[in-house]
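Summary of structural features
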Amino acid sequence: MADITAAMVKDLREKSGAGMMDCKKALAEANGDMDAALDWLRTKGLAAAQKKSSRTAAEGLVGVATSGTVGAAVEVNSETDFVAKNDQFQAFVKDVTDIALKTSDDIEALKNEAMPQGGTVAEVLTNNVATIGENQSLRRAKRLEVSKGAVVSYVHNQQAPGLGKIGVLVALESEAADDVLQSLGRQLAMHIAAAFPKALNEEDLDEAEIERERAIATEKAAESGKPADIIAKMVEGSIAKYRKEHALVSQLFVIDGKTKISDVVAKAGKDAGAEIKLVDYVRFQLGEGIEKEASDFAAEVAAASGVPQKA
């Protein structure tokens with residue numbers, strides 16, 4: 001059996017919101033596997049499904065930029081939040097975002113693009129690491145474009161114009177007036193920042209995640225002791241609910257809590273006298289999906305002294 005450390009319990013507790021003893025038991029059941037322990041907690045109704053995926057685990061900035069029918073989002077990571085406030089780092093993220101807007105969202109191609117002050121993106125990044133004294137990386141980029149209409153951006157927790165912790169792009173295809181599209185796009189972008197959809201449509205959701213949810217729902221339903229046919233219906237009901245809650249177009253608009261996003265877009269188009277299509281979106285949350293080892297000074301001192309830490 002794997003050794004369950006205090007740090008592991010603390011990490012799982014932060015990711016799940018479950019109690020300390022439940023986290024210890026979950027890790028023991030999962031032989032120390034963090035993902036399996038989180039799933040175990042969820043099957044017991046002790047953890048929120050969204051908790052882990054919405055946590056950030058790295059520092060840096062997300063940059064967004066738009067120009068009419070085109071938009072781009074870029075994430076650049078650093079080791080500490082201190083660097084994210086550095087003018088040199090912020091200027092770099094802004095420049096790279098502007099370059100992605102005009103060129104490509106392919107990371108390797110971006111690294112070879114020329115920077116305004118000279119040198120390539122990769123060269124300037126290397127220089128920044130040397131001069132700022134902290135590791136940095138150009139992690140990801142995404143570019144959206146529509147043939148007509150607008151790509152609208154929104155930044156949550158903005159630290160400077162176009163730079164923050166969460167960056168959103170919304171691509172709207174329409175012949176409606178630009179002010180209509182900008183207003184609708186910003187409302188949708190704010191919804192996306194808050195509601196964290198995983199795909200535009202239900203059919204676009206990751207099937208591996210669906211199967212994982214199905215396994216969890218099946219185990220939970222089986223504990224009810226109901227007949228197999230009832231359990232099957234319970235599972236399918238859970239999966240249908242999951243799809244609706246995680247596909248953008250079927251989510252309920254956070255502003256009123258009752259209107260589906262697809263209906264919000266349809267009404268806006270009707271009011272504008274021109275059909276509006278929500279064709280794509282991007283949501284970059286800083287550090288999403290990155291695991292970073294937390295620094296625990298007390299634990300480090302205890303480990304160095306050879307004194308075991310109590311969970």
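For the structure itself, consult the block above.
Computed from a predicted model, the values in this text were never measured in an experiment.

**Observations concerning helix α1 (residues 6–16)**
Since the α-helix advances by 3.6 residues per turn, residues separated by three or four positions end up pointing in the same direction. Among the residues making up α1, those that are buried are A6, M8, V9, L12, K15 and S16. Looking one or two places after α1, you find G17, whose phi comes out positive at around 80°.

**A word on the packing of helix α10 (residues 207–222) against helix α11 (residues 228–246)**
Any two packed helices are characterised by how steeply their axes cross, that is the angle between the axes, and by the distance between the axes. For the pair α10 and α11, the least separation of the axes is 9 Å and the interaxial angle reads 140°. When the axes of α10 and α11 are compared, the pair comes out oblique. Crossing of α10 over α11 shows right-handed handedness. Contacts between α10 and α11 involve E207, E209, I210, E213, R214, A217, T218, A221 and A222 from the first element and I231, M234, V235, E236, S238, I239, Y242 and R243 from the second. A breakdown of the residues in the contact of α10 with α11 according to their chemical character gives nine nonpolar, two polar and six charged.

**Regarding the sheet that holds strand β5 (residues 163–164)**
On the basis of which strands lie adjacent, the open sheet formed by four strands has the order β3-β2-β1-β5 and antiparallel pairing. A single partner strand is all that each edge strand has here, and the edge strands are β3 (136–145) and β5. Across two bridges, strand β1 (residues 59–67) lies against β5 in antiparallel orientation. If you follow G63 over to β5, its bridge partner there is L163.

**As for the pattern of salt bridges**
Per the stated rule, a full pass over the model turns up 17 salt bridges. In this structure, R243 and E207 form a salt bridge, with 3.4 Å as the shortest nitrogen-oxygen distance. Pair noted here: R243 is in helix α11 and E207 is in helix α10, with a separation of 36 residues, a long-range link. Residue E207 is classed as partly exposed on the basis of its relative accessible area of 40%. As a salt-bridge pair, K267 and D271 come within 2.8 Å of each other at their nearest N and O atoms. Taken together, the residues span about one helical turn, with K267 and D271 both in helix α12 (residues 261–272) at a distance of four residues.

**A look at the packing of aromatic side chains**
Under the definition given, this model contains zero aromatic pairs. R140 extends its terminal NZ or CZ atom over the ring of F284, reaching a point 4.1 Å from the ring centre. Sitting over the ring of F196, R283 keeps its end group 4.1 Å from the ring centre.

Cut-off values and rules
Residues numbered from 1 in each chain as written. Predicted model: local features only at pLDDT ≥ 70, side-chain atom pairs only at ≥ 80, totals over all residues. Heavy atoms only, no water. Buried < 20%, exposed > 50% of the residue type's maximum accessible area, 1.4 Å probe, protein only. Helix = DSSP H or I, 4+ residues; strand = E, 2+ residues; numbered from the N terminus. Axes fitted to C-alpha atoms, helices over the stretch in contact; angles between N-to-C directions. Parallel < 35°, antiparallel > 145°, perpendicular 65-115°, else oblique. Left-handed = near helix turned anticlockwise from the far one by under 90°. Contact = heavy atoms within 4.5 Å. Nonpolar A, V, L, I, M, F, W, Y, C, P; charged D, E, K, R; others polar. Pairing = 2+ DSSP bridges. Salt bridge = Lys/Arg side-chain N within 4 Å of Asp/Glu carboxyl O. Phe/Tyr/Trp six-rings, centres within 6.5 Å; stacked < 30°, edge-to-face > 60°. Lys NZ or Arg CZ within 6 Å of the ring centre and 35° of its normal.

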